[in-house]
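Each chain, letter by letter, is given below.
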Amino acid sequence: MINKKYLHLGTERSSIRELFEYGKMKAEIIGSENVFDFSLGNPSTPPPAKVMRAFDEILSENDPMAIHGYTSAQGSIKARTAIANSINKRFGINASADEIYISCGAAAALCSVIGALSENSDSEFVAIAPYFPEYKVFVEGQGATLKVVDADTEDFQIDLEKLSLLLNEKTSAVIINSPNNPSGRVYSEKTIKNLSKLLKERSKEIGHPIYIISDEPYRELVYDDVFVPYIPNYYDDTIICYSYSKSLSLPGERIGYVYVPSSVSQSKSVYAAVAGAARSMGYVCAPSLLQEVIARCCDTEPNLDDYKTNRELLYNALTEYGYDCVKPDGAFYLFVKAPCGDAKRFSEIAKEKNILVVSGDSFGVKEYVRISYCVNTDMIKRALPYFKELINC
Ligand code: PLP
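Residue indices begin from 1 for each chain and proceed along its sequence in written order. Under the rules for a predicted model, residues below a pLDDT of 70 receive no local features and side-chain atom pairs below 80 are neither given nor counted, while totals for whole chains, interfaces and linings still include all residues. With hydrogens and water stripped out, all remaining heavy atoms of the structure feed into the side-chain values.

Enquirer: I'm lost on the sheet that holds strand β5 (residues 171-177) in this one. Help?
Expert: Paired through their backbone hydrogen bonds, the strands of a sheet run either parallel or antiparallel. Strands qualify as paired when DSSP identifies two bridges or more between them. Each helix corresponds to a stretch of at least 4 residues labelled H or I by DSSP, and each strand to a stretch of at least 2 residues labelled E; elements are numbered beginning at the N terminus. Pairing is mixed across the open sheet formed by 7 strands, whose spatial order is β2-β8-β7-β6-β5-β3-β4. What marks the edges here is a single partner per strand, and that holds for β2 (100-103) and β4 (145-149). Strand after strand, the sheet turns through a mean of 20° between neighbouring axes, direction not considered. Sheet analysis places strand β7 (residues 238-243) next to strand β8 (residues 256-259), joined by 4 bridges and oriented antiparallel. For cysteine 241, the partnering residue across the bridge sits in β8 and is valine 258. Interaxial angles span 0 to 180 degrees and are taken between N-to-C directions of axes, which are lines fitted to C-alpha atoms, for helices over the stretch in contact.

Shown next as structure tokens:
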């Protein structure tokens, strides 16, 4: 009587979560100072002061409905208007509140959009390796299939020839994520223009739109003034899944949104289907307190100081030791080639030294490991001698 698919998902934890839980267990035994946990993308920087003030203000205003009440299923008009105004200003677009659906983080946004675009069990979605492993869960959870484009390990852009081979009449959407988890790379304007051209041509040939689902939890986490193209400005059939988990350091609060621009084919029906999919999964009415915080703070910029320090420290040290990796443009991950060529083995050997890094096979790239550097800088400094030893593994 138990659903086998869900039983499997509930018992086989993601390897990232598995490692994170292992780290917590190990810390209890040998002390947290002796465990170097680079597994999870849990922001180490506290939320910006403006966000913390907004929490205080809202709580002191003592309006129980604004804090604890239900909002409309799609989110309060106040928060949706604030978000629409903010992206209009930043990206020169013309979004309106009724194109925004507030969600419980990017995960709920993605599940709702994937559900909305899964016409039947034949529907296919395409991800670009390296990719966030939960995409497979989200897509298969909706009864559809995930196809994966092999990674371009030269510069971690998109191999369009390989992508083209995976597109067919069953393809609903291509999921992209830039700045990317785990590579830290931003897809360049050239990549996005070429991707748009390819998808326009193939949509025409196939006879229906191939949507882009742009998963953007790391949009604001960018270094060295790298330009992050706003995809709806290049490709009409783009749906945005945004999250405040990383940009405002609020991952446990579960807040983000879906944006279905009016340029999307059948945009009103797509929005309604997103609302319907969210409803069917119980993702209605994201936390009211957080919606109120976002209404006041959606323009707030993240504090990148610690991540910048960590990125320089880790990248410089690891490349000096002889590791091969691309310098991240954004997010807070370093994707490093395992010196032995086998990421799973490297991750196991590192674990013996209490260094927890995620093997890249979870992300569709077997030779690389992900090091999450949204951690205490001191922990990185203390872990460096171990990384130096591990180059010879
Ligand atoms: N997409 C990517 C690429 C992520 O890295 C994450 C979280 O780590 C998510 C989506 C889910 O984000 P959220 O916490 O907003 O659900």
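Enquirer: What exactly am I supposed to notice about the pairing of strand β13 (residues 368-372) here?
Expert: For a regular strand, the rule is simple: side chains alternate between the two faces of the sheet. Across the 5 residues that make up β13, a large majority, 5, are buried. Going residue by residue along β13, you find Tyr368, Arg370 and Ser372 tucked away on one face and Val369 and Ile371 tucked away on the opposite face as well. In this sheet, β13 lies alongside strand β10 (residues 333-337) in antiparallel orientation, the contact comprising 5 bridges. Looking at the pairing, valine 336 lines up with valine 369 of β13. Looking at chain direction, strand β12 (residues 358-359) and β13 are connected through 2 bridges and run antiparallel. Each residue of the ladder has a partner; that of serine 359, found in β13, is valine 369. Residue exposure (1.4 Å probe, protein chains only): buried if accessible area is under 20% of the type maximum, exposed if over 50%, otherwise partly exposed.

Enquirer: Just checking my understanding: could you explain the nonpolar core for this structure?
Expert: Taken as a class, soluble globular proteins show a tendency for nonpolar side chains to be buried jointly. To define a nonpolar core, start from buried Ala, Val, Leu, Ile, Met, Phe, Trp, Tyr and Cys residues and group those joined through side-chain atoms within 4.5 Å. Counting 43 residues, the largest nonpolar core has Leu117, Phe125, Ile213 and Ile239 as its most contacted members. Those elements that place two or more of their residues in this core are α2 (15-30), α6 (105-117), β3 (124-128), α7 (134-141), β5, β6 (211-216), β7 and α10 (267-280). By residue number, the principal contributor to this core is α6, which donates 6 residues. Here, residues are in contact when the closest pair of their heavy atoms is within 4.5 Å. With near-sequence residues (within four places) excluded, leucine 117 lies in contact with Ser123, Phe125, Ser172, Ala173, Tyr211, Ile213, Ile239 and Val270. Counting residues in hydrophobic clusters, the runner-up holds 37 residues, among them Phe36, Tyr218, Leu304 and Leu390.

Enquirer: Please explain the packing of helix α12 (residues 305-321) against helix α14 (residues 377-390) as it appears in this structure.
Expert: Each pair of packed helices can be described by the angle between their axes along with the distance between the axes. At a minimum axis distance of 11 Å, the contact between α12 and α14 shows a crossing angle of 10°. As the angle between them shows, α12 and α14 are arranged roughly parallel. Contacts from Thr309, Asn310, Leu313, Leu314, Ala317, Leu318 and Tyr321 of α12 reach α14 at Thr377, Ile380, Lys381, Leu384, Phe387 and Lys388. Residues are grouped as follows: Ala, Val, Leu, Ile, Met, Phe, Trp, Tyr, Cys and Pro are nonpolar; Asp, Glu, Lys and Arg are charged; all remaining types, including Gly, are polar. When the residues that make up the contact of α12 with α14 are grouped by side-chain class, the tally is 8 nonpolar, 3 polar and 2 charged. Reported orientations rely on four angle classes, namely roughly parallel under 35 degrees, roughly antiparallel over 145, roughly perpendicular from 65 to 115, and oblique for the rest.

Enquirer: What exactly am I supposed to notice about the site of the ligand here?
Expert: Every one of the 14 residues lining the ligand counts as a neighbour, but Ala106, Asp215, Tyr218, Ser243 and Arg254 are closest to it. Between an oxygen atom of the ligand and a main-chain N or O atom of alanine 106, the distance comes to 2.7 Å. Side-chain polar atom of asparagine 181 to an oxygen atom of the ligand: 2.7 Å apart, as the coordinates give it. We get accessible surface area from the Shrake-Rupley algorithm with a probe of 1.4 Å; when it comes to residues, only the shown protein chains can shield them. Relative to its unbound accessible surface of 400 Å², the ligand loses 91% to contact with the protein. In terms of residue count, α6 provides more of the shell around the ligand than any other element does, 3 residues in total. Of the residues contributing to the shell around the ligand, the split by class is 6 nonpolar, 5 polar and 3 charged. The near set for a molecule or strand comprises every residue that places at least one heavy atom within 4 Å of it. The definition of a polar contact used here is a pair of N or O atoms within 3.5 Å, where within protein one atom must be able to donate a hydrogen and the other to accept one, and adjacent residues in sequence count solely through side-chain atom pairs.

Enquirer: It is not clear to me how the pattern of salt bridges should be interpreted in this structure. Could you clarify?
Expert: Two side chains of opposite charge can pair, provided their charged atoms sit close to one another. A carboxyl oxygen of Asp or Glu within 4 Å of a side-chain nitrogen of Lys or Arg is what we treat as a salt bridge. In this structure the tally under the stated criterion is 21 salt bridges. Between glutamate 140 and lysine 136 there is a salt bridge; the shortest N-O distance is 2.7 Å. One end of the pair, glutamate 140, and the other, lysine 136, are both in helix α7, 4 residues apart, so they sit about a helical turn from each other. Classification of glutamate 140 as partly exposed rests on a relative accessible area of 35%. Ionic pairing is found between lysine 344 and aspartate 361, a salt bridge with its closest N-O pair at 3.5 Å. Of the two residues, lysine 344 is situated in helix α13 (residues 343-352) and aspartate 361 in the loop between β12 and β13; the sequence distance between them amounts to 17 residues. The class of aspartate 361 is partly exposed, set by a relative accessible area of 32%. Beyond isolated ion pairs, a larger network of salt bridges with shared partners links Glu57, Glu61, Lys78, Glu292 and Arg296.

What is shown is where atoms sit, not what they do.
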